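Below, each chain spelled out in residue letters.
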Amino acid sequence: MKKQLAAVLFLAASLQMNAQQQKDQKMDAFVSSLMNRMTLEEKIGQINLPSEGDIITGLGSNTNIAAKIRKGLVGGMFNIKGVQKIKEIQKIAVEESRLKIPLLFGMDVIHGYETIFPIPLGIACTWDMKVIEESARIAAKEASADGISWTFSPMVDIARDPRWGRVSEGSGEDTYLGGQIAKAMVRGYQGKDNTFSEKFNILACVKHFALYGAGEAGRDYNTADMSHIRMYNEYFYPYKAAVEQGVASVMASFNVVDAVPAHANKWLLTDVLRKQWGFEGFTVADYGGVGEVVNHGLGSLKDASALAMNAGLDMDMVSEGFLNTIPASIKEGKVDIAKVDQACRRVLEAKYRLGLFKDPYKFCDDKRAQKEIYTNENRTVARKTAAESFVLLKNQGNLLPLSKAKTIAVVGPMGDTKSNMVGTWSVAAKLDKPLTLVEGLRETAGSKANIIYAKGSNLLDNEKMQKDATMFGRDIPWDKRSEEELIKEALNAASKADVIIAAMGESSEMSGESSSRTDIGIPPVQKRVLEKLLATGKPVVLVLFAGRPMTLVWEQENVPAILNVWFGGSEAAKAIGDVVFGDVNPSGKLVSTFPRSVAQIPLYYNHLNTGRPASDKGFEKFRSNYMDEKNAPLYPFGFGLSYTTFQYSPITLTATEMTANETITASVVIKNTGSKDGAETVQLYIRDMVASISRPVKELKGFDKIFLKAGESKTVKFVITQEMLEFYNSTLDFVSEPGEFQIMIGSSSNDLQTASINLK
């Protein structure tokens, strides 16, 4: 029977392979025929990506777009919102240009289109790949209904410095988890088989290749410098995972790699991406990235464009260096025309796979736009997802969940804003649609609760800084009253309440691109109000809005309950109500370490050991520690509380020794020992105890999110394979080495059961 089944599977695989080869041959013949009719200028036009300018996401602009499209000098456009606009521009390309080649239309659809999901850092805290994939699928469905065929997502940069604003746009500090999320997002956008057979499948673009999240000093666009061993073992995998999943495009990063700007880095764009990983899609510049090579000191725009093309960059975003300088560089022998042909072919192949040559107006059905965007169904999914992303950081005395039959005072500048609920990088969102926190609490509590509100303070001490922190329509009006007047109003509201919800933290634009901060605590003007509220003796719940890990030592010591809600998207307000009132039990787990102090940064769980490790029980001379602070974080990677409790049994192993061809199953029994049903993310970590190079103290290698009713138990099993034990050694060979490995399973990176195995 097994032989018959194997034969059937082999036959099916062979038929699928033959069908794919026929499709590829058909595509190759079509593209070759088209390129034979193209002039050099038209080929370069296909790799020119200007911005129409509807949505501002960078510096620079392009003019005379329509005329260039008619001449075949544009391959795609981005930052245009609205199916009718896109249809009109596509019509110019396919009806008024010589070769009638359709355009790609891209947009930063980062965590939703008009139905906005939690910021990527937040949704990663669900540890739920099905939920993450579904969020990307819904984003693709809505974006494609409005004319978009290409999203500049997922962003998979590993980030270990929360001062960097774009930590909000990624999936945290861990390479394995980041890779699984990258795959889920690509599947959601492109479909599971990458055939773009569904009408809503769009091109994904993994970014930013590479190391963008490792900028020095947490400053955006800054230098990133590290060893190749660290690149391969810690930073590269999420990009590689996206490539393995079949991502259609890869975006270059703004930083240098080995002192060479990524946009002009042949080792990165050709040697690693194509030769080592086998990437077959097209590469694209980030906004103005080719032009910015000039600022890195590598020559003029003409020099930069030649360097970028020779390095393996296929498409030039905004700079128009390819369009305006490559013909001259070809004449001078600085660029081989074969490079242009190769880049042009890759872009045309993407359009072919997407189905645009068959139907240029595939994404221009205005009936879809009317029916499929911001639907009740999509918003219901967004609400559930937001609730699953929230992380309960503290719950002293089981203060949460709150009874609905209470008078609740909501205090804080984040309590009465619609536009900030969706978070940064939600460029297509309609900012007047979300509910404020106060409105959401009233709706979820119903008539039982009396919700009152007082602003309490401005967002920041400085009016100019507050304006900078609320740009792009995320306004929180500056209150001209004195700080004393605002506090008095807040205390008056508190005096009437049974419990206080402090709606505080960051605004949405205090994180995101070009939003680095040196102080990542709650702004002092808000913190002063929080101190006054606590002094009333009333129970206080801090509902924390954040786009990054924050320093919350004082809050952890003094505030009874802290619920981190990130920026939860379109339905954030209702989702917060769902969790605060106990209709949903929080299950989020942190994907980034929360430091106690900015001075600890970078702080991450999977660090290497030192020759003089510290116990962290206080200052020890001649140990790797601080005189005035702990080494330990405030909240570790993987941490998150629940309204119930879970008990872990010791680890059971099916064996203690294995060869390269064998596996060992590690099991634990998880029991819900509390009184409420809840979900728990069980985490597997491994440590290589003896190796040819220093290895991390632990590395995430698996996880399983399970749901348990009160009193219920479940056995969770992880199969340990040789692949889990492999790493890149000093010669960058991917190997496993014989010896002892610690197997750790638990509820966070800091709460683990441990057992040992040996690889023979």
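In case you missed it, the structure is sitting above this.
Participant: Just to check I follow, could you spell out the sheet that holds strand E15 (residues 540-545) for this structure?
Facilitator: With mixed pairing, six strands are arranged side by side in an open sheet as E11-E16-E15-E14-E12-E13. Both edges of this open sheet fall to strand E11 (391-395) and strand E13 (450-454), since each of them pairs with a single strand only. Going across the sheet, the axis of each strand differs from the next one's by a mean of 20°, ignoring polarity. Note: strand E12 (residues 407-411) against E13, five bridges, orientation parallel. Paired with Val-411 across the two strands is Ala-454, which belongs to E13. Seen against the sheet, helix H20 (residues 524-535) touches E12, strand E14 (499-505) and E15 and runs at an angle of roughly 165° to E14.

Participant: Got a minute to help me understand unusual backbone geometry in this structure?
Facilitator: The general pattern is negative phi for most residues beyond glycine and trans for most peptide bonds. With an omega of 10°, the peptide bond between Ser-153 and Pro-154 qualifies as cis. Structurally, the position occupied by Pro-154 is in the loop between strand E4 (150-151) and helix H7 (175-190). For the bond from Lys-207 to His-208, the omega torsion is -5°, close enough to zero to count as cis. Within the fold, His-208 resides in strand E5 (residues 205-209). Even without glycine at this site, Trp-127 takes up a positive phi of about 55°. Among the structural elements, Trp-127 can be located in the loop between helix H5 (120-124) and helix H6 (129-145). The exposure class of Trp-127 is buried, given its relative accessible area of 1%. Residues other than glycine seldom take positive phi values, yet Asn-194 does so here, at roughly 60°. If you trace the backbone, Asn-194 turns up in the loop between H7 and E5. With a relative accessible area of 21%, Asn-194 lands in the partly exposed category.

Participant: Explain the nonpolar core to me, please; I cannot follow it from the model alone.
Facilitator: Across soluble globular proteins, nonpolar side chains show a tendency to be buried alongside one another. Ranked by size, the top nonpolar core spans 194 residues in total, and within it Trp-150, Phe-209, Phe-236, Leu-402 and Phe-545 carry the most contacts. For this core, the leading source of residues is H6, giving eight residues. In this structure, Phe-236 is in contact with Phe-209, Ala-210, Leu-211, Met-231, Trp-267, Leu-268, Val-272 and Trp-277, ignoring residues within four places of it in sequence. If you look at the next biggest cluster of nonpolar residues, it comprises 24 residues, including Ala-666, Val-668, Val-716 and Phe-741.

Participant: Sorry, what's going on with empty space enclosed by the protein here?
Facilitator: It is the rolling of a water-molecule-sized probe over the atoms that shows where space remains empty. In the structure shown here, the tally under the stated rule is eight cavities of 30 Å³ or more. Approximately 120 Å³ is the volume found for the largest cavity. What lines the largest cavity is a set of 18 residues, among which Pro-120, Pro-154, Ser-171, Ile-181 and Met-185 lie closest to the centre. Only H5 and H7 provide two or more residues apiece to the lining of the largest cavity. Looking at the lining of the largest cavity, the element that brings in the most residues is H7, giving four residues. For the lining of the largest cavity, the residue count by class is eleven nonpolar, six polar and one charged.

Participant: Looking at this structure, how should I read the side chain of Lys-574?
Facilitator: Checked against the element boundaries, Lys-574 lands in helix H22 (residues 572-580). Not counting residues up to four positions away in its chain, the partners in contact with Lys-574 are Arg-379, Arg-383, Leu-435, Gly-440, Glu-443 and Thr-444.

Participant: Whenever I open this one, the packing of helix H8 (residues 228-235) against helix H10 (residues 266-276) confuses me. Can you help?
Facilitator: Axes are the key here: two packed helices are described by the angle between their axes and the distance separating the axes. It is at 15 Å that the axes of H8 and H10 come closest, and there the two elements cross at 50°. The orientation of H8 relative to H10 falls into the category oblique. Classified by chirality, the crossing of H10 by H8 is right-handed. In this structure, H8 contributes His-228, Met-231 and Tyr-232 to the contact, and H10 contributes Trp-267, Val-272 and Gln-276. Grouping the amino acids of the contact of H8 with H10 by side-chain chemistry returns four nonpolar, two polar and no charged.

Participant: Sorry if this is basic, but what is going on with the packing of aromatic side chains here?
Facilitator: Two aromatic rings, taken as a pair, are described by how far apart their centres are and by the angle between their planes. In the structure shown here, the tally under the stated rule is 27 aromatic pairs. Measuring from ring centre to ring centre gives 5.6 Å for Phe-209 and Trp-277, while their planes differ by 55°; the resulting arrangement is tilted. Linking Phe-209 in strand E5 with Trp-277 in the loop between H10 and strand E9 (282-284), this pair joins segments that are 68 residues apart in sequence. With respect to class, Phe-209 is no different from Trp-277; both count as buried. An angle of 10° between the planes, with centres 5.7 Å apart, marks the rings of Tyr-635 and Phe-639 as stacked. For the residue pair Tyr-635 and Phe-639, the accessibility class agrees, reading buried in each case. Put simply, the rings of Phe-209, Tyr-232, Phe-236, Tyr-239, Trp-267, Trp-277, Tyr-728 and Phe-734 touch in pairs and so form one group of aromatic residues. Above the face of the Tyr-604 ring, Arg-160 is positioned so that its terminal group lies 4.1 Å from the ring centre. The residue whose ring lies beneath Lys-621 is Phe-622, and the NZ or CZ to ring-centre distance is 5.7 Å.

Participant: Got a minute to help me understand the environment of Val-83 in this structure?
Facilitator: Position of Val-83 among the secondary structure elements: in helix H4 (residues 83-96). The class for Val-83 is buried, based on a relative accessible area of 7%. Spatially, the C-alpha atoms of Val-83 and Lys-367 are 9.9 Å apart, while their sequence positions differ by 284 residues. For Val-83, the contacting residues outside a window of four places in its chain are Ala-145, Asp-146, Gly-147, Phe-363, Cys-364, Asp-365, Asp-366 and Ala-369.

Procedures and definitions
- Residues numbered from 1 in each chain as written.
- Predicted model: local features only at pLDDT ≥ 70, side-chain atom pairs only at ≥ 80, totals over all residues.
- Heavy atoms only, no water.
- Pairing = 2+ DSSP bridges.
- Helix = DSSP H or I, 4+ residues; strand = E, 2+ residues; numbered from the N terminus.
- Axes fitted to C-alpha atoms, helices over the stretch in contact; angles between N-to-C directions.
- Contact = heavy atoms within 4.5 Å.
- Buried < 20%, exposed > 50% of the residue type's maximum accessible area, 1.4 Å probe, protein only.
- Core = buried A, V, L, I, M, F, W, Y, C linked by side-chain atoms within 4.5 Å.
- 1 Å grid on protein atoms, 1.4 Å probe; cavity = no way out; pocket = protein on both sides within 12 Å on 5 of 7 lines; lining within 4 Å.
- Points joined across faces, edges and corners; volume = space filled by probe spheres on them.
- Nonpolar A, V, L, I, M, F, W, Y, C, P; charged D, E, K, R; others polar.
- Parallel < 35°, antiparallel > 145°, perpendicular 65-115°, else oblique.
- Left-handed = near helix turned anticlockwise from the far one by under 90°.
- Phe/Tyr/Trp six-rings, centres within 6.5 Å; stacked < 30°, edge-to-face > 60°.
- Lys NZ or Arg CZ within 6 Å of the ring centre and 35° of its normal.

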